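Here's the letter readout for the chains.
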Amino acid sequence: MPYVMVQIPKTPAPASPAPRSVPTSADVARLAGVSRATVSYVLNNTSAVRISEPTRRRVHEAAKELGYVPHAAARSLRAGHSRMVLMPAPSFPVGPLYSQFLGDLQMALGRLDYTVVQHGSVGLYGDEAARAWAELRPVAVLMPGSGLCPKGVTVLKRSGARAVVTLGPEAVEGAHALLMDHEAVGYSAGVHLHERGRRRIGVVVPEEDGLESFSAPRLEGVRRALRGTDASVTALSLAYEEKSAAGLAARWRDLGLDAVFAYNDEYAMLLMRALQDEGLRVPADTAVIGADDLMLGRLLRPRLSTVHIELPSGRELAELVDRAVRNPGAAPETHKVLGASVVHRESS
C-alpha cells in the first residue's frame, strides 16, 4: 500500500493578549477626580480625616471599575504592622455553638479593618506551632483551646504580634486570657439533676481527641455539685457514632443509672435516641440533659433539657484585640467569659 507524505502547514499560535497593567491608586485618583491621599484615606478607612460621603462613593466606584485593591504589604509598611489576625484552626471538633462564635468574631474584626486568617496547625504543637504562626507576622493571634506556653507567647511577640489572646481554661503568662470555666457547665447540670430527684448520674466523656480540656472540667463540675450528697457519679466513655451509643444503651439497665449529663446537646441527642431504641423511657427511666442549647434539641420529643452557655460577643473580643494592638505595652487582661444556666425541658 503506497504512502503519501502530506505536509501540514504550520499555523501561527494566536498572539497572547498583552498583560494588563495593575491599576494603581493614581489611576483611581484620576478616575474619581481626587488626590491620591484622598484615595488612601477612603480605602484604608482612615477616620482621622473627614471626607464627604459623595467623595467616598466616587472613590469606591472608581476602585471597583478599575479592579483596584490596596496593597496589604504597602499598607503594613505605612502602619508599622500588619492588619492580620491569625486564628489557629481548633485542634478539637467544633460544634455549631463555637462555629457561630468564631463567625461573629471574624465579622467584628472585619468591621475594625482587620483581616482574619485561619491557620491549619495539624501536626504542630507548642513552640513549633508558635514559630509557624510567627512566620506570617500577624499583628495578633487568637488561640482557641490550650497548647500555647509562655515561650510561644514570647516568640510571637518578638515577631511583631502586638496581641496574643488565649481562649481556654487557664491563663498563659504574657497573653491576654479569656477564661472559659467549663466546670460551671457540669456543675449546673449536676445540681439540676439532683434537684429533680436523680441519684445515680452518668456523665458522658467523649472519646474524640481534643475534647479533654472541655470534658474533664465538666465531669469534675458534676462531681463537685454532688459531693457530700447521697448521689453517685459514673463516667461514661462514648464515641460520636451510632454504634458506640447503641453499645452503651444496651448496658444501661446493668449500669443502674437514672440520669445522664451527656456532655453537650449533640452527644445527648445521639444517646437519647439509642436509649429509646432499647425501650428506655426518657425521662421516666432516665433523665437526659445536654449543653449548648442548640435549636435541634427543641425539635426532639421529648424536648431536650440543656445548659445554656453564654459566650462573649464577637464585638467584645474584637474590641479587646483592637485595644491590645493599639497599646501593646499594656498589662495582659484576664476575663471570665463563660456563663452557664440550665434550660429545663421535658427530657429531665
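In the block above lies the structure referred to throughout.
Because the structure is predicted, anything quoted here is derived from the model rather than measured.

**Student:** Please set out the overall build of the protein chain residue by residue, giving values where relevant.
**Tutor:** When you go through the protein chain residue by residue, the secondary structure sums to 14 helices and 12 strands. Evaluated residue by residue, the protein chain yields a buried proportion of 44% over its 348 residues. Partitioning the intrachain contacts of the protein chain with sequence separation of at least 6 by distance along the chain shows that 71% fall at a separation of at least 24. Of the accessible surface of the protein chain, which amounts to about 18900 Å², a share of 53% is contributed by carbon and sulfur atoms.

**Student:** Could you give an account of the packing of aromatic side chains, with specific residues and numbers?
**Tutor:** Counted by the stated rule, this structure contains two aromatic pairs. On the basis of an interplanar angle of 85° and a centroid distance of 5.6 Å, the ring pair of Y263 and Y267 is categorised as edge-to-face. Taken individually, Y263 and Y267 each receive the classification buried, so the pair is uniform in this respect. What links up through ring pairs into an aromatic cluster is the set Y240, Y263 and Y267. When the ring centre of Y114 is taken as origin, the NZ or CZ atom of R83, which lies over that ring, is 4.0 Å away. For the cation-ring pair, R218 lies above Y263, with the distance from its terminal atom to the ring centre recorded as 4.8 Å.

**Student:** Kindly report on the packing of helix α10 (residues 242–250) against helix α12 (residues 265–277), identifying the contributing residues and their values.
**Tutor:** For the pair α10 and α12, interaxial distance at closest approach is 8 Å and the crossing angle is 50°. Relative to α12, α10 is oriented oblique. Judged by the twist between their axes, the crossing of α10 over α12 is right-handed. Here E242, A245, A246, L248 and A249 of α10 lie close against α12, whose contacting residues are L270, L271, A274 and L275. Looking at the contact of α10 with α12 residue by residue, the class counts come to eight nonpolar, no polar and one charged.

**Student:** Got a sec to walk through the sheet that holds strand β3 (residues 140–144)? Specific residues and values, please.
**Tutor:** One open sheet holds the six strands; their spatial order is β2-β1-β3-β4-β5-β11, and the pairing between them is parallel. Looking along the sheet, the strands with just one partner apiece sit at the ends: β2 (115–119) and β11 (334–336). Looking at each pair of strands side by side, their axes are set apart by 15° on average, direction ignored. Summarising the sheet, strand β5 (residues 176–179) and β11 pair through three bridges and their orientation is parallel. Across the sheet, A177 pairs through a bridge with T334, a residue of β11. Its contacts with the sheet put helix α14 (residues 314–326) on β1 (84–88), β3, β4 (163–168) and β5, and the angle it makes with β4 is roughly 150°.

**Student:** So, the side chain of T38: which residues are in play, and what are the values?
**Tutor:** Inspection of the secondary structure assignment puts T38 in helix α2 (residues 36–43). For T38, a relative accessible area of 17% translates into the label buried. Side-chain polar atoms of T38 contact the side chain of S35, separated by 3.0 Å.

**Student:** Describe the pairing of strand β9 (residues 287–291), listing the residues and the values that go with them.
**Tutor:** Of all five residues making up β9, five are buried, and the element is well covered by its neighbours. Across the two faces of β9 the burial is the same, with A287, I289 and A291 and V288 and G290 all buried. Bridge count for strand β8 (residues 259–261) against β9 is three bridges, and the pairing is parallel. Bridging from a neighbouring strand, F261 pairs with I289 of β9. The parallel pair β8 and β9, bridged by α12, forms a crossover whose chirality is right-handed. Here β9 runs beside strand β10 (residues 305–310); their pairing, made up of three bridges, is parallel. By the bridge assignment, G290 is partnered in β10 with T306.

The rules we used
Residues numbered from 1 in each chain as written. Predicted model: local features only at pLDDT ≥ 70, side-chain atom pairs only at ≥ 80, totals over all residues. Heavy atoms only, no water. Helix = DSSP H or I, 4+ residues; strand = E, 2+ residues; numbered from the N terminus. Buried < 20%, exposed > 50% of the residue type's maximum accessible area, 1.4 Å probe, protein only. Contact = heavy atoms within 4.5 Å. Areas by Shrake-Rupley, 256 points an atom, 1.4 Å probe, with all protein chains shown as cover. Phe/Tyr/Trp six-rings, centres within 6.5 Å; stacked < 30°, edge-to-face > 60°. Lys NZ or Arg CZ within 6 Å of the ring centre and 35° of its normal. Axes fitted to C-alpha atoms, helices over the stretch in contact; angles between N-to-C directions. Parallel < 35°, antiparallel > 145°, perpendicular 65-115°, else oblique. Left-handed = near helix turned anticlockwise from the far one by under 90°. Nonpolar A, V, L, I, M, F, W, Y, C, P; charged D, E, K, R; others polar. Pairing = 2+ DSSP bridges. Polar contact = N/O pair within 3.5 Å; in protein donor to acceptor, adjacent residues only side chain to side chain. Right-handed = clockwise from strand over helix to strand, strands pointing away.

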